[in-house]
Structures are given as C-alpha cells and as structure tokens.
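Tertiary structure, described
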Amino acid sequence: MRILVTGGAGYIGSHTCILLIEAGYDIVVFDNFCNASKESIARVEKIVGKTIPLIEGDIRYKEDLNRVFESYTIDAVIHFAGLKAVGESVEKPLEYYDNNIYGTLVLCQVMAAHGCKSIVFSSSATVYGDPHSTPIKEDFPLSATNPYGRSKLFIEEMLRDLYVSDPEWKIVLLRYFNPIGAHESGTIGEDPNGIPNNLLPFIAQTAIGTRACLSVFGDDYDTVDGTGVRDYIHVMDLADGHVKALDKMSTFTEIMTIKAFEAACGKKVPYSIAPRRAGDIATCFADPTYAKAVLGWEAQRGINEMCKDSWRWQSNNPQGYKS
Ligand code: NAD
Ligand code: UFG
C-alpha cells in the first residue's frame, strides 16, 4: 500500500514516516516546508536506508495534489499538514481557516476525484475545549477556545459529514495530546521555526544555551505544584498509533490483498476475474473491541507483515512440507 503523508517533513510526520516504512508501507511525502526542512526527510532516508519520494506542494492547491495522485496510486492519506500555533491562530485566524479547513477540503476533493477514500487526520485534544473533568474520554463534549481548535473541530465535522454522505470513506480522527521526544537515533527531532510555542522545545533550547531562560506561564493553578498539567506522549508512540490506525482501517478486498502480496514478494501475481463462487458473501470483518476489553488482547501485525511472513514461508518451502 502507498500512503500519502501530508506534512510528512514536520515533527510528527517525519517520525511516522520511519515506522510506516518499517511496517512495509510505501510512502510519498508532501509538504510546503512552511514549518519544516527537507533535511528531516534526508535524515529519515538515512535511518530507513531507502529513498523517499518527496513532493513540494501546498494542500490548498489542487494542481499540486493532482501531481501526486497522477504520479502514484495512493491507497490512504495520513494528513498532518496544517498550522498549529494556538497563539498565532488568535492573531491570524484567516490563515488557520485557509490552511487547515480549506486545505483539508481541497485534499478531500482531490482524494475523492482519484477514488482514494481513506484518511487518518491529525486532530487535537484541543477539540475538548476546557473539559469539565479529567481524564478526558472520547465521548466528552466538543468545543473550541481559539481559531486553531475551531479549525480542527470544523475539519472533524466536515469529515463526519463526508462519511455520512458516502460510507465508502474510511476516516480516523486522532486527537493528540502533547507529543514530545524524538527518534532514538538522535538524528531527527522537533525543530520549530523561530521561538518555540511548546514547552519541551523551549526547555531543550534553554538547556543547550540557545535561550537564556524559560518562562513558566502561571504557578497558581489548582494542581500539585500550581503549574499546568498536560498529558505528554513520546512522539514514537504517537507515530506507532498512526501505523495501527492504518492497519485497523485496512479491511482488504481480494485485489488489495493480491497487491499487498505483490509488494511483499517483489513480483506480479497473475490473476483474472472469474464468476462468483457459490455461497460467498460480499463483506465480512470483525469488531475486536470485546476481545480487547475482556482478554486485553489485540492483533499486532498488519497486512504487510502477514504477506511478508507468508512469502518467507512459501519461498523457503516452495512445495510446502513435501521436500
Ligand atoms: P509541524 O509543523 O512540525 O508539521 C506540520 C507540517 O505541515 C510541516 O512540515 C509544514 O511545513 C506542513 N504544512 C503546513 N501547511 C501546509 C500546507 N498548506 N501544505 C503542505 N504542507 C503544509 O507540526 P506537528 O507537530 O508535526 O503537527 C502535525 C499535525 O498534528 C498538525 O496538523 C497539528 O495541528 C497536529 N497536532 C500537533 C500537536 C503537537 O503538539 N505537536 C498536537 C495536536 C495536534
Ligand atoms: N508553557 C510554559 N512555558 C513555555 C511554553 C509552555 O510554561 O515556554 C506551559 C503552557 O502554559 C502549558 C504547558 O506549558 O501550561 C504546555 O504548553 P504547550 O504549548 O507545550 O502545549 P499545549 O497543551 O498548550 O498545546 C499542545 C499543542 C496543541 C494541542 C494541545 C493538545 O501545542 O497543538 O497540546 O492538548 F492542541
């Protein structure tokens, strides 16, 4: 499967690219570099030992996206591209509505035009507004306290409407809390333009001496030490969540399964279309929630690993157990 990673050169995107490639997905990175550097992808290429197709473009421009969809067969999109600074969004709301809402609208239009209807969207815990209690659960009421949050909330609504209009869409909304950390190699990490907005890059840049001192914004909150409480998550764990989301939404048709196998074995598998087999049904797939709740069990391996391991067995043992 080939995944288009919008905003793939950015902080979370670049880390996710590594795990996607390690899980056997092919990717294309699409970014306008307004908050990223091409160097991040050059370093990801070193880590994974592969060349990564990189297209410079803007999600707001149909012609830029069309270039991607005309050059590659895209099976799903992980959509990181967008602006993310809360304070800036209050000063420049139109830029946020333009980049985030309009950009996502154009992306969905181009996806639909090319028959690609699977998207994992980078939403945010900000869509819970100021929650009435913690910890926050998925069914808490949604609201926004700033234009950035409203842009995420509106995109979620737009994607929900899209699904209602056409249930062929597979849509995953991931509401991130506070990703920090970096890939264990120490070669990629968070490198925000200008003065960091977020706490962790500010602490790190102060520790290295780039900044003299950091400000702790308020110590009179009702918390253990009076300063703000957040839910930090290692960026590699968050990246892994994207691979799991893709695996989860990937129920596979027969032809998609053949394609996945072709990717694993590195050659074409000849096939032709024959009449229906008696007794077959169109669709069958499970909801594994109960097994997770009762047994604490969930499957770990995605289609690429399944095909890779099947092929290893078949190629090591062409006649099965017969020698
Ligand atoms: P980031 O700024 O490092 O990555 C975003 C990437 O998108 C950048 O590479 C940027 O150049 C690119 N981009 C922006 N506008 C674009 C456009 N119009 N066309 C093409 N590319 C564009 O930010 P990140 O921390 O990696 O965040 C990724 C996503 O996750 C964002 O949508 C953000 O809102 C969301 N998110 C982040 C956090 C966080 O704390 N980092 C929390 C919740 C949600
Ligand atoms: N903080 C400081 N000093 C700084 C920077 C931040 O004290 O220099 C404080 C903030 O006031 C806050 C805490 O550190 O109390 C965390 O702030 P961040 O800016 O790192 O993170 P936020 O929780 O405000 O926002 C982040 C993302 C948003 C996302 C949200 C989801 O930036 O995009 O998490 O929970 F929506």
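In this report, we go over the structure that sits alongside the text. (Residues numbered from 1 in each chain as written. Chains lettered and ligands numbered in written order. Predicted model: local features only at pLDDT ≥ 70, side-chain atom pairs only at ≥ 80, totals over all residues. Heavy atoms only, no water.)

Remarks on the site of ligand 2
Taken together, 17 residues lie around ligand 2, and Ser124, Asn198, Leu199, Ser215 and Arg230 are the ones closest in. Within the contact set of ligand 2, an oxygen atom lies 3.5 Å away from a backbone nitrogen or oxygen of asparagine 197. One of the backbone nitrogen or oxygen atoms of serine 215 is found 2.7 Å away from a nitrogen atom of ligand 2. Across the complex, the protein chains shield 81% of the 700 Å² of accessible surface that ligand 2 would expose by itself. For the shell around ligand 2, a count of residues per class yields nine nonpolar, six polar and two charged. (Near = heavy atom within 4 Å. Polar contact = N/O pair within 3.5 Å; in protein donor to acceptor, adjacent residues only side chain to side chain. Areas by Shrake-Rupley, 256 points an atom, 1.4 Å probe, with all protein chains shown as cover. Nonpolar A, V, L, I, M, F, W, Y, C, P; charged D, E, K, R; others polar.)

With respect to the pattern of salt bridges
Working definition: two side chains of opposite charge can pair if their charged atoms are close together. Under the criterion given, the structure shown has 18 salt bridges. Taking the shortest distance from any N to any O, the salt bridge between arginine 60 and aspartate 58 comes out at 2.7 Å. Comparing arginine 60 with aspartate 58, the two get one shared label, buried. For aspartate 166, the salt bridge goes to lysine 117, with nearest N and O atoms at 2.7 Å. Here the residue aspartate 166 occupies a position in the loop between helix H6 (147-165) and strand E6 (170-176), and lysine 117 occupies one in the loop between helix H5 (93-113) and strand E5 (118-124), the gap between them amounting to 49 residues. Linked by salt bridges that have partners in common, Glu156, Glu157, Arg160 and Arg175 make up one network. (Salt bridge = Lys/Arg side-chain N within 4 Å of Asp/Glu carboxyl O. Buried < 20%, exposed > 50% of the residue type's maximum accessible area, 1.4 Å probe, protein only. Helix = DSSP H or I, 4+ residues; strand = E, 2+ residues; numbered from the N terminus.)

A word on the site of ligand 1
Neighbouring ligand 1 are 28 residues; Asp31, Asn35, Lys84, Asn99 and Tyr148 lie closest to it. Isoleucine 59 places a polar main-chain atom, nitrogen or oxygen, 3.1 Å from a nitrogen atom of ligand 1. Out of a free accessible area of 820 Å², ligand 1 has 96% covered by protein chains. Elements that contribute at least two residues to the shell around ligand 1 include exactly helix H1 (11-22), E5 and H6. Here the element with the most residues in the shell around ligand 1 is E5; it accounts for three residues.

Thoughts on the nonpolar core
Most often, soluble globular proteins keep nonpolar side chains buried together rather than apart. Ile3, Leu20, Tyr25, Ile27, Val120 and Leu246 are the most contacted members of the largest nonpolar core, which totals 37 residues. Those elements giving two or more residues to this core turn out to be strand E1 (2-6), H1, strand E2 (26-31), helix H2 (38-48), strand E4 (76-79), E6 and helix H8 (235-249). Top contributing element to this core by residue count: H8, with eight residues. Residue contacts for leucine 246: discarding those within four places in its chain leaves Ile3, Leu20, Tyr25, Ala76, Ile78 and Val120. Listed in part, the 23 residues of the second largest apolar core include Val28, Val106, Val110 and Phe121. (Core = buried A, V, L, I, M, F, W, Y, C linked by side-chain atoms within 4.5 Å. Contact = heavy atoms within 4.5 Å.)

Describing the packing of aromatic side chains
Each aromatic ring pair is characterised by the separation of its centres together with the angle its planes make. Tallied over the entire structure, the rule returns three aromatic pairs. Where phenylalanine 261 meets tryptophan 311, the ring centres are 6.0 Å apart and the plane angle is 85 degrees; that geometry is what we call edge-to-face. Taken as a pair, phenylalanine 261 in helix H9 (residues 254-265) and tryptophan 311 in helix H11 (residues 303-316) lie far apart in primary sequence, 50 residues in all. According to the relative accessible area criterion, phenylalanine 261 is partly exposed, its value standing at 24%. (Phe/Tyr/Trp six-rings, centres within 6.5 Å; stacked < 30°, edge-to-face > 60°.)

What about H8?
Helix length check: H8 (15 residues) gives 21 Å between terminal C-alpha atoms against 21 Å at 1.5 Å per residue, within 8%. Of all the residues in H8, the buried ones are Val235, Met236, Leu238, Ala239, His242, Val243, Ala245, Leu246 and Met249. (Expected span 1.5 Å × (residues − 1).)

What to know about the environment of tyrosine 176
Mapped onto the fold, tyrosine 176 is located in strand E6. On the accessibility criterion, tyrosine 176 (8% relative accessible area) is buried. Note: C-alpha distance between tyrosine 176 and serine 37 (139 residues apart in sequence) is 23 Å. Filtering out sequence-adjacent residues up to four positions away, tyrosine 176 remains in contact with Ile12, Phe80, Ser122, Ser123, Ser124, Ala125, Leu238 and His242. Within the structure, the side chain of tyrosine 176 is placed 2.6 Å from the side chain of histidine 242, a separation counted as a polar contact.

Some words on the sheet that holds E2
Reading across the sheet, the six strands line up as E3-E2-E1-E4-E5-E6 and stay open at both edges, with parallel pairing between neighbours. Among the strands making up the open sheet, the edge pair consists of strand E3 (54-56) and E6. With strand direction ignored, the average angle separating the axes of adjacent strands in the sheet is 20 degrees. Bridge count between E5 and E6: seven bridges; the pairing is parallel. Considered in E6, the bridge of phenylalanine 121 is made with leucine 173. Strands in contact with H5 are E1, E4 and E5; relative to E4, the strand with the most contacts, it is inclined by about 175 degrees. The sheet contacts of H8 involve E1, E4, E5 and E6, and relative to E6 the element is tilted by about 160 degrees. (Pairing = 2+ DSSP bridges. Axes fitted to C-alpha atoms, helices over the stretch in contact; angles between N-to-C directions.)

Some details on a nonpolar patch on the surface
Together, Tyr290, Val294, Leu295 and Trp297 give the surface a local cluster of nonpolar side chains, amounting to about 520 Å² of exposed area. Position of tyrosine 290 relative to the elements: it lies in helix H10 (residues 289-295). (Patch = residues over 30% accessible without salt bridge, like charges linked within 9 Å, V, L, I, M, F, W, Y side chains within 5 Å.)

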